[in-house]
Each structure stands twice: as C-alpha cells, then as structure tokens.
Amino acid sequence: MKGKKEQALIMLVSGDLNLSEIAERLKISEKTLYNWRKDDEFDSELRRRLNIKMGTIAAAALRTQSNLLNAKSDMVKHLAAKDLLDRAGYVPDKNVNVNAEGDLDLKIQIDYGDDENEADKS
C-alpha cells in the first residue's frame, strides 16, 4: 500500500482516531475510507496488521487480567476469573444427566439471562 491508503492503515491500527478524524487528517471523504475498507486487499492488509498488533499486546492483556484476580472487589475478581476460564475453554456444562430408579419429582427452573419479564415488555 502507498500514500493515503498506507497512512489510513497506520491510523486504523493505532486505534487513536475514529473514521471521521482519519478521513479529515487524510483530506478524504469518509465514504472513500469506507470504500477502502470494503476493498479485499485493503481489508486483508488491515486484518494482518491488527493480528500482529494483537500478538504484541496479548501477553500484557493476560497479565492485566491475571492481576485482577487479586483485586479488592469480589465482583472484579469473579469477572476476571470467569473471563480467564471462559477464554481457556473451561465453560460450565449446561447439561444435567440424571440416573434415577423409581418415582422422581423434578422441578426445573430455566434462567434466560437479562430478559426478565419479557412478556411484560410487549
């Protein structure tokens, strides 16, 4: 990439400016920048550079997340631990296996997340 496209790539990867600011600095329209981002070659190069950047900061991000395990707030510790475990593939099993003989009374409660009172919203 050369010229303004190269400069746009550098600015996009830095993450310091939004699209409007990048377009303004390059003296191009936001539509031009949007079109460049739809271009396969430009998009491929942007993704390549972003992957390189992510590789350089991943260790620091992991260290920061690990340090949060020692936070004063129990909620922060909980969220840090959950995030680390989830990313490592240790997600809880949502299936329950029951082996029983004879009569069984079973009460099932299903938590659908934050959608409480969904019927009341309509």
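Before reading further, recall that the structure is shown in the block above.
Residues numbered from 1 in each chain as written. Predicted model: local features only at pLDDT ≥ 70, side-chain atom pairs only at ≥ 80, totals over all residues. Heavy atoms only, no water.

Draft legend 1. Seen up close, a nonpolar patch on the surface. Together, Val 96, Val 98, Leu 104, Leu 106, Ile 108, Ile 110 and Tyr 112 make up an exposed nonpolar region whose accessible area comes to about 830 Å². According to the relative accessible area criterion, Leu 106 is exposed, its value standing at 61%. (Patch = residues over 30% accessible without salt bridge, like charges linked within 9 Å, V, L, I, M, F, W, Y side chains within 5 Å. Areas by Shrake-Rupley, 256 points an atom, 1.4 Å probe, with all protein chains shown as cover. Salt bridge = Lys/Arg side-chain N within 4 Å of Asp/Glu carboxyl O. Buried < 20%, exposed > 50% of the residue type's maximum accessible area, 1.4 Å probe, protein only.)

Draft legend 2. Up close: the side chain of Glu 45. Examined against the element boundaries, Glu 45 turns out to sit in helix H4 (residues 40-67). Of note is the side chain of Glu 45, whose polar atom sits 2.7 Å from the side chain of Arg 48. Not counting residues up to four positions away in its chain, the partners in contact with Glu 45 are Met 1 and Leu 9. (Helix = DSSP H or I, 4+ residues; strand = E, 2+ residues; numbered from the N terminus. Polar contact = N/O pair within 3.5 Å; in protein donor to acceptor, adjacent residues only side chain to side chain. Contact = heavy atoms within 4.5 Å.)

Draft legend 3. The arrangement of the pattern of salt bridges in detail. Under the definition given, this model contains seven salt bridges. Ionic pairing is found between Asp 43 and Arg 47, a salt bridge with its closest N-O pair at 3.0 Å. With Asp 43 and Arg 47 both in helix H4 and four residues apart, the pair spans about one turn of that helix. Where Arg 87 meets Asp 83, a salt bridge forms, and the shortest distance between an N and an O atom there is 2.9 Å. With a gap of four residues between them, Arg 87 and Asp 83 both fall in helix H5 (residues 74-87), about one helical turn apart. Here Asp 83 falls in the partly exposed class, since its relative accessible area comes to 24%. Salt bridges linked by common partners bring Glu 6, Glu 45, Arg 48 and Arg 49 together as one network.

Draft legend 4. Region of interest: H5. Spanning 14 residues, H5 covers 20 Å between terminal C-alpha atoms, matching the ideal 20 Å at 1.5 Å per step. Of the residues flanking the start of H5, the one acting as N-cap is Ser 73, its side-chain oxygen 3.3 Å from the backbone nitrogen of Met 75. Of the residues one or two after H5, Gly 89 is the one with positive phi, at around 95°. (Expected span 1.5 Å × (residues − 1).)

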